[in-house]
Each structure stands twice: as structure tokens, then as C-alpha cells.
Amino acid sequence: MFVKQSDSVKLQASFGYANRADGVLNEKQTRFGIASGCKLFTAVAIAQLVEAEKLSFDSLLRDVLDISFPYFHEGVTIHHLLTHTSGIPDYFDEEIMDDFEELWIKIPMYHIRRLHDFLPLFQKEQQKFIPGEKFYYNNAGYIVLGLIVEKVTGMAFIDYVQQNIMDKAGMKNSGYFALDALPSNTAIGYIDNEDGTWKTNVYSLPIQGGSDGGAFVTADDMVLFWEALIQDKLLNDKTILMTPYVHEVDESYYGYGVWIEKKENQIYKYHVMGYDPGVSFHSAYYPHNTVILSICSNKSKGAYAMMLELEKSF
């Protein structure tokens, strides 16, 4: 975990094992998977292309991507995809599936290396609701956004993010790494069973992450990302991402790739989170006191409780 306020590091600590079998400890430079925590990277990438006048948030999906989605509503826009209001089918539908591992019965996870590899999981499924009708968290929408980035730039999505976001933010230890070719100092994800046994998550996730999740970061690199975003190093106008477009529940809202929590009708924090088998992650920026925190875990839960405890101190 890493907590910073303005230019002062308030807390930096590591716990547990990056590799349980060999007794390798997690350290401050350990890289962790962050699952959906990197949807904000995708939103930044899209916003950069909008600022470059290569796209508009109102652009229709059918006009910017020459991939057939026979049952998608013709009115789906980039804004809808960014805010989880598109109504397109998700490849992991929590109303149908309880276990993420069920996805890989028909298409093995080791075949999922590029964004196009996800298409058979949702491309020909039926539209769920009219675009803009409601908020419904949707991973497939962010896969489509990544495909748009690839179409517009001619680059692989992960290369675009590396060059235009991670490198610009100084995130030297972060990237989209394949599970079968992890670099040194990378934590293995662990799934704990109720009887005390455990297994790794290597057969539970796509072999390589992309625009809906799956990047690896160090805790301090994620703080560098927030700083770069806040200081306008990544976008000329960061507020386009950090506007509460959709009311989710209570005082929780969603912008573009980022959750926004209010207290007494004021912005309390901007935050991102990620959960996968063997991954839990929370990172947030608190504008009222300029605190940034990042909590990475190679277990399926734990980061949220730790964030709540830290919030009591500021």
C-alpha cells in the first residue's frame, strides 16, 4: 500500500507473499494485478483521442468500428460505453454466472490474448436494454472501447496505453503482462478456499489483460498515475472524466472509467477498484485534502477493508 498527501509520503507498507510456495515476500516494488482498476486508463485513452479530434464522446459505435454486432442498438455511443449505460451484452453476466471461471469452459483462457479474442463471448448476443436507460456495469463495453482505440490509432491497445499513459506518468514498473510470461517482482494471485487450502489464479483469468482490466502496477506507480492526471499531464481537461454522469446508488456516481463518491453533496473521492479471483485493488484521490492512496492485494479480498480503515485517519 502507498499513501501520499501533496508531496509527503504518509505510509508505505507491504504484507504477505508474492509467491507463497517459495516464501517470496511482497515488497514496495512488487507489481500486482489490478483487474478493472485500469478501466480509467481506457477512459483516458479515449479522452486523448477526443482531444485530438479523432473521436467524439457522441460518436456512434457503428460509425467508428467496422466490426459486426448484429443485435446491438444502433444508438450506442462512446459516452454510453464509458458510463456502463450502453445496454450491450456483457461477456460476464452476473445474472447468469456466479463464477468467473465458467467463462473459460468453451473458450480456454489461454486463448484470450488480444481484444478481438473476447468477441465470440458477446458479439452476437442480444441487446439488454435501450442505451442510456440505466447503469449496468459492463466489461464488454470497455473491450469495445479498446477496439476503438486500436482502430483509430493503428496500435495495439496495450502499446498505446504504455506509450501515452504509463510512460507519460512515469509508471516505469507497470504494464500489461501475460500470466505465462510475468516479469520479476510480480505477485502471483491466490484464491483461498474455506478449508485453508489455496490455488493460484493462473487458470481463472484471461492470459493477458486489456481495455477492461488486467494491467499490473506497483502501488506507488498508481499514485504517479493519479498525480499525472490531476496535474494535466495526460489530458488538457481532466474534468471530462471526473464528472458524475450516472447516479449509481446512494451517494455513489460514475464518470468516465472512475467512481465518484459524494458526502453532503460535495465530492469526497474519486476512486477505482478491481476484483478478480486472486486480485483485490482500490485506489483513490481525495480532493478535499489532496490524499492519494493505492492498495494492491494478490488475494480475492482485503483491499476494501484496508481502505476504509485508512480513511478513518484523514
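All values reported here derive from a predicted model rather than from experimental measurement.

Enquirer: Honestly, the overall build of the protein chain in this entry has me stumped. Any pointers?
Expert: Assigned secondary structure in the protein chain consists of seven helices and 14 strands. The C-alpha atoms of the protein chain give a radius of gyration of 19 Å, which matches the 20 Å a tight globule of 314 residues would have. For the protein chain, buried positions account for 56% of its 314 residues. For the protein chain, the proportion of contacts with a sequence separation of at least 24, taken over those separated by at least 6, is 65%. When the accessible surface of the protein chain is summed, it comes to about 14300 Å², and 48% of that surface belongs to carbon and sulfur atoms. Across the protein chain, 26 positive and 41 negative side-chain charges occur, with their mean positions spaced 4 Å apart.

Enquirer: Before we go on, may I ask you to explain the packing of aromatic side chains in this structure?
Expert: To describe a pair of aromatic rings, one takes the distance between the centres and the angle between the planes. In total, this model carries 18 aromatic pairs according to the counting rule given. Aromatic pair tyrosine 254 and tryptophan 259: ring centres 4.8 Å apart, planes at 85°, arrangement edge-to-face. According to the relative accessible area criterion, tyrosine 254 is buried, its value standing at 1%. Given the relative accessible area of 12%, tryptophan 259 is considered buried. Aromatic pair tyrosine 270 and tyrosine 285: ring centres 6.2 Å apart, planes at 10°, arrangement stacked. Here tyrosine 270 is found in strand 12 (residues 266-276), whereas its partner tyrosine 285 is found in strand 13 (residues 279-286), with 15 residues between them in sequence. A residue is classified by how much of its surface remains accessible, and tyrosine 285, at 12% relative accessible area, is buried. Over the ring of tyrosine 253 we find lysine 262; its NZ or CZ atom is 4.7 Å from the centre of that ring.

Enquirer: What is the right way to look at the side chain of asparagine 139 in this model?
Expert: Along the chain, asparagine 139 turns up in helix 4 (residues 139-153). A relative accessible area of 10% means that asparagine 139 is categorised as buried. Filtering out sequence-adjacent residues up to four positions away, asparagine 139 remains in contact with Ser36, Lys39, Asp90, Tyr91 and Asp212.

Enquirer: Is there a simple way to think about the sheet that holds strand 1 (residues 2-5) in this case?
Expert: Each strand in a sheet pairs with its neighbour through backbone hydrogen bonds, running either in the same direction (parallel) or in the opposite one (antiparallel). One open sheet accounts for eight strands, arranged 2-1-14-13-12-11-10-9; its pairing is antiparallel. The two strands at the open ends of the sheet, each matched to only one other strand, are strand 2 (8-12) and strand 9 (246-249). Between one strand axis and the next, the sheet turns through 20° on average, direction left out of account. Across three bridges, strand 10 (residues 252-254) lies against strand 11 (residues 259-263) in antiparallel orientation. Within strand 11, the position partnered with tyrosine 254 by the bridge is tryptophan 259.

Enquirer: Help me out: how do you make sense of helix 7 (residues 303-311) in this one?
Expert: Because each turn of an α-helix spans 3.6 residues, side chains separated by three or four positions in sequence point in the same direction. Within helix 7, burial applies to Ala303, Met307, Leu310 and Glu311. For helix 7, the angular spread of the buried residues around the axis is 100°, confining them to a single face. The secondary structure elements touched by the buried residues of helix 7 are strand 1, strand 2, strand 12, strand 13 and strand 14 (291-297).

Enquirer: In this structure, what is going on with the nonpolar core? I would like to understand it.
Expert: When a protein is soluble and globular, its nonpolar side chains tend to lie buried together. Of all hydrophobic cores here, the largest spans 87 residues; its most connected members are Phe41, Ile148, Phe225 and Trp226. No other element matches the nine residues that helix 1 (residues 39-51) contributes to this core. Residues in contact with tryptophan 226, not counting those within four places in the same chain, are Leu40, Val258, Tyr270, His271, Val272, Ser283, Ala284, Tyr285 and Ile292. In terms of nonpolar packing, the next biggest core, distinct from the first, is built from twelve residues, Ala13, Tyr268, Tyr286 and Ile295 among them.

Enquirer: Honestly, a nonpolar patch on the surface in this entry has me stumped. Any pointers?
Expert: Nonpolar side chains collect at one region of the surface, where Tyr275, Tyr304 and Leu308 lie side by side and expose about 280 Å² of accessible area between them. Tracing the sequence through the fold places tyrosine 304 in helix 7. Tyrosine 304 gets classed as partly exposed once you look at its relative accessible area, which sits at 41%.

Enquirer: Teacher, can you tell me more about the layout of surface pockets here?
Expert: With a probe scaled to a water molecule rolled over the atoms, the places where space remains empty come into view. The calculated volume of the second largest pocket comes to roughly 370 Å³. In terms of lining, the second largest pocket is formed by 24 residues, of which the most central are Phe15, Asn26, Cys296, Ser297 and Asn298. Every element with two or more residues in the lining of the second largest pocket is listed here: strand 14 and helix 7. Residue composition of the lining of the second largest pocket, grouped by class: twelve nonpolar, seven polar and five charged.

Enquirer: For this particular structure, what's the right way to read the environment of lysine 124?
Expert: Note on placement: lysine 124 falls in the loop between helix 3 (78-82) and helix 4. Among all residues touching lysine 124, those that are not within four sequence positions of it are Pro70 and Tyr71.

The rules we used
Residues numbered from 1 in each chain as written. Predicted model: local features only at pLDDT ≥ 70, side-chain atom pairs only at ≥ 80, totals over all residues. Heavy atoms only, no water. Helix = DSSP H or I, 4+ residues; strand = E, 2+ residues; numbered from the N terminus. Rg over C-alpha atoms; globule rule 2.2 N^0.38 Å. Buried < 20%, exposed > 50% of the residue type's maximum accessible area, 1.4 Å probe, protein only. Contact = heavy atoms within 4.5 Å. Areas by Shrake-Rupley, 256 points an atom, 1.4 Å probe, with all protein chains shown as cover. Lys, Arg positive; Asp, Glu negative; His and termini not counted. Charge placed at Lys NZ, Arg CZ, Asp CG, Glu CD. Phe/Tyr/Trp six-rings, centres within 6.5 Å; stacked < 30°, edge-to-face > 60°. Lys NZ or Arg CZ within 6 Å of the ring centre and 35° of its normal. Pairing = 2+ DSSP bridges. Axes fitted to C-alpha atoms, helices over the stretch in contact; angles between N-to-C directions. Arc of directions from axis to C-beta. Core = buried A, V, L, I, M, F, W, Y, C linked by side-chain atoms within 4.5 Å. Patch = residues over 30% accessible without salt bridge, like charges linked within 9 Å, V, L, I, M, F, W, Y side chains within 5 Å. Salt bridge = Lys/Arg side-chain N within 4 Å of Asp/Glu carboxyl O. 1 Å grid on protein atoms, 1.4 Å probe; cavity = no way out; pocket = protein on both sides within 12 Å on 5 of 7 lines; lining within 4 Å. Points joined across faces, edges and corners; volume = space filled by probe spheres on them. Nonpolar A, V, L, I, M, F, W, Y, C, P; charged D, E, K, R; others polar.

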